[in-house]
Amino acid sequence: MSKKSASGESVAEWFAAHLPEGLFGETPEVVVDREEITVVGPLPAEAASGEAGSVDEAVAEYRESTRAQRMRVAGAAEERFGKKVSWGVRHEGRRLMFTHLAVPAMTRLRQPERQVLDTLVAAGVARSRSDALAWCVRQVGDNAETWLGDLRDALRHVQEVRRQGPGGGTA
C-alpha cells in the first residue's frame, strides 16, 4: 500500500527517485503502514553471481556492501515521512529481511480466544500468548492472501472515492 506525502508524491515514487542506481535488480516493492516503510527488491545480478557460495552469503555480502547507501536513503526518508525504513531482498524465491520493526499490538480477548492461544503455547507451537497470536496472524496472512489482496483493493477504491467526494481535495 503506497501512501501519499503532503506534496502528493507517493512513498514509492520518492524511493524510486532517491535510491542509488543499481541498488536493486529492478524497482523494489515499497510497503507503508502506520509505523514503517518496507523496501524489498531483487538482489542485483552482479551481487547474486559474486564469489559467495550460498544465497545467505551473497545476501550478507550485498547487505554489508550497500549499508552506507541504504542508511543515507533511510535517514532522508525517515525525516520526510516520519516512519522507520526497513530493508530486504528477494532472491531465488526467498524474501530475506535485513531489518524490520516488531510493533506491539494490544488486543482484548475473551476466554475462548485466550484458550486458542494457550493451546498453541501448551503444544509448543509458541512460547507465549504473544508468539501464539503472531503465529495466528502469519497463518491468516499466508493462507488468505487472495482475500487480503481483494480487501486491500477495496480499501484503495474507498480511499479514491473519498478523495473525489465532497471535501476530498477536489477543487
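Report on the accompanying structure.

So, how was this worked out
Residues numbered from 1 in each chain as written. Predicted model: local features only at pLDDT ≥ 70, side-chain atom pairs only at ≥ 80, totals over all residues. Heavy atoms only, no water. Helix = DSSP H or I, 4+ residues; strand = E, 2+ residues; numbered from the N terminus. Buried < 20%, exposed > 50% of the residue type's maximum accessible area, 1.4 Å probe, protein only. Contact = heavy atoms within 4.5 Å. Areas by Shrake-Rupley, 256 points an atom, 1.4 Å probe, with all protein chains shown as cover. Salt bridge = Lys/Arg side-chain N within 4 Å of Asp/Glu carboxyl O. Lys, Arg positive; Asp, Glu negative; His and termini not counted. Phe/Tyr/Trp six-rings, centres within 6.5 Å; stacked < 30°, edge-to-face > 60°. Pairing = 2+ DSSP bridges.

Attention now goes to the overall build of the protein. For the protein, the helix and strand inventory stands at six helices and four strands. Along the chain direction, N to C, the helices and strands of the protein fall in the order α-β-β-α-α-β-β-α-α-α. Counting over 171 residues, the protein shows a buried share of 28%. A separation threshold of at least 6 residues defines the contact pool for the protein, and within that pool the share at least 24 residues apart is 50%. Of the accessible surface of the protein, which amounts to about 11700 Å², a share of 52% is contributed by carbon and sulfur atoms.

Oppositely charged side chains are able to pair whenever their charged atoms sit close together. In total, this model carries eight salt bridges according to the counting rule given. Put simply, Asp 118 and Arg 129 hold a salt bridge, and the shortest N to O gap is 2.7 Å. In this pair, Asp 118 sits in helix H4 (residues 111-122) while Arg 129 sits in helix H5 (residues 129-143), placing the two residues 11 residues apart along the sequence. When its relative accessible area of 32% is taken as the criterion, Asp 118 is described as partly exposed. By relative accessible area, which is 40% here, Arg 129 ends up partly exposed.

For Arg 70, the location among the structural elements is in helix H3 (residues 55-81). One buried charge, Arg 70, has no salt-bridge partner; the nearest side chain with opposite charge is Glu 64, at 6.7 Å. Here Arg 70 is in contact with Leu 23, Arg 63, Trp 87 and Phe 98, once residues within four sequence places are set aside.

What the rule picks out here adds up to six aromatic pairs. With 6.3 Å between their ring centres and 50° between their planes, Tyr 62 and Phe 98 make a pair best called tilted. Here Phe 98 lies in the loop between strand E4 (94-97) and H4 and Tyr 62 lies in helix H3, a separation of 36 residues in the sequence. Like Phe 98, Tyr 62 is buried. Aromatic ring contacts, followed pair by pair, group Trp 14, Phe 15, Phe 24, Tyr 62, Phe 81, Trp 87 and Phe 98 into a single cluster.

What follows covers the pairing of strand E2 (residues 36-42). For E2, the tally of buried residues reaches seven of seven residues, placing the bulk of the element in the interior. Relative to strand E3 (residues 84-91), E2 is paired through seven bridges, and the arrangement is parallel. When the bridges of E3 are listed, Thr 38 appears paired with Ser 86.

On to the pairing of E3, then. Among the eight residues in E3, six count as buried, and that is most of the element. As judged from the four bridges shared by E3 and E4, these two strands associate in the antiparallel manner. Looking at E4, one finds that Gly 88 is bridged to Met 97. A loop of two residues connects E3 with E4, the two strands running antiparallel in sequence, and Glu 92 in this loop sits at a positive phi of about 50°.

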